[in-house]
Amino acid sequence: MGNVIDTYTIGPKTSFLIIFGPAIITLINLIIALIASKMARNRGLLPVPAFFAGLFTSFISLFFIAMFPKKKQ
């Protein structure tokens, strides 16, 4: 068996994900929240609750918002 220290060392790719992983996930959630807000506005729903639904529930809120018909001009 190898040395315990060699077995549990963290490589450069892993340390990048540990440091920047939460920031990347937060950025993706913000983009999804903005998309949900725009979709809600086009469908005649309130955009602020849709933004927070997209922020916290991600793709699930996009599916629910997409089920509403688009508002006719």
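Note that the structure is a prediction, hence the values are computed from the model and not measured. (Residues numbered from 1 in each chain as written. Predicted model: local features only at pLDDT ≥ 70, side-chain atom pairs only at ≥ 80, totals over all residues. Heavy atoms only, no water.)

Undergrad: Tell me about a nonpolar patch on the surface, residues and numbers included.
TA: Residues Phe-16, Leu-17, Ile-18, Ile-19, Phe-20, Ile-24 and Ile-28 make up a contiguous nonpolar surface patch of about 690 Å² in total accessible area. Secondary-structure assignment places Phe-16 in helix H2 (residues 12–42). (Patch = residues over 30% accessible without salt bridge, like charges linked within 9 Å, V, L, I, M, F, W, Y side chains within 5 Å. Areas by Shrake-Rupley, 256 points an atom, 1.4 Å probe, with all protein chains shown as cover. Salt bridge = Lys/Arg side-chain N within 4 Å of Asp/Glu carboxyl O. Helix = DSSP H or I, 4+ residues; strand = E, 2+ residues; numbered from the N terminus.)

Undergrad: I'd love a proper account of unusual backbone geometry, names of residues and values included.
TA: Phi at Ser-58 takes a positive value of approximately 60°, unusual for a residue other than glycine. Its place among the elements puts Ser-58 in the loop between helix H3 (47–57) and helix H4 (59–66).

Undergrad: Explain H4 to me, using residue names and the numbers behind them.
TA: Those residues of H4 that fall on the buried side of the exposure criterion are Ser-61, Leu-62 and Ile-65. For H4, the angular spread of the buried residues around the axis is 105°, confining them to a single face. In H4, the exposed positions angled more than 90 degrees off the buried face are occupied by Ile-60, Phe-63 and Phe-64. (Buried < 20%, exposed > 50% of the residue type's maximum accessible area, 1.4 Å probe, protein only. Arc of directions from axis to C-beta.)

Undergrad: Describe the confidence of the model for the chain, and please don't skip the residues or the numbers.
TA: Per-residue pLDDT for the chain has a mean of 84; in total, 81% of the residues score no lower than 70. Mean pLDDT across the elements of the chain bottoms out in helix H1 (residues 4–7) (51) and peaks in H3 (94). (pLDDT = per-residue confidence, 0-100.)

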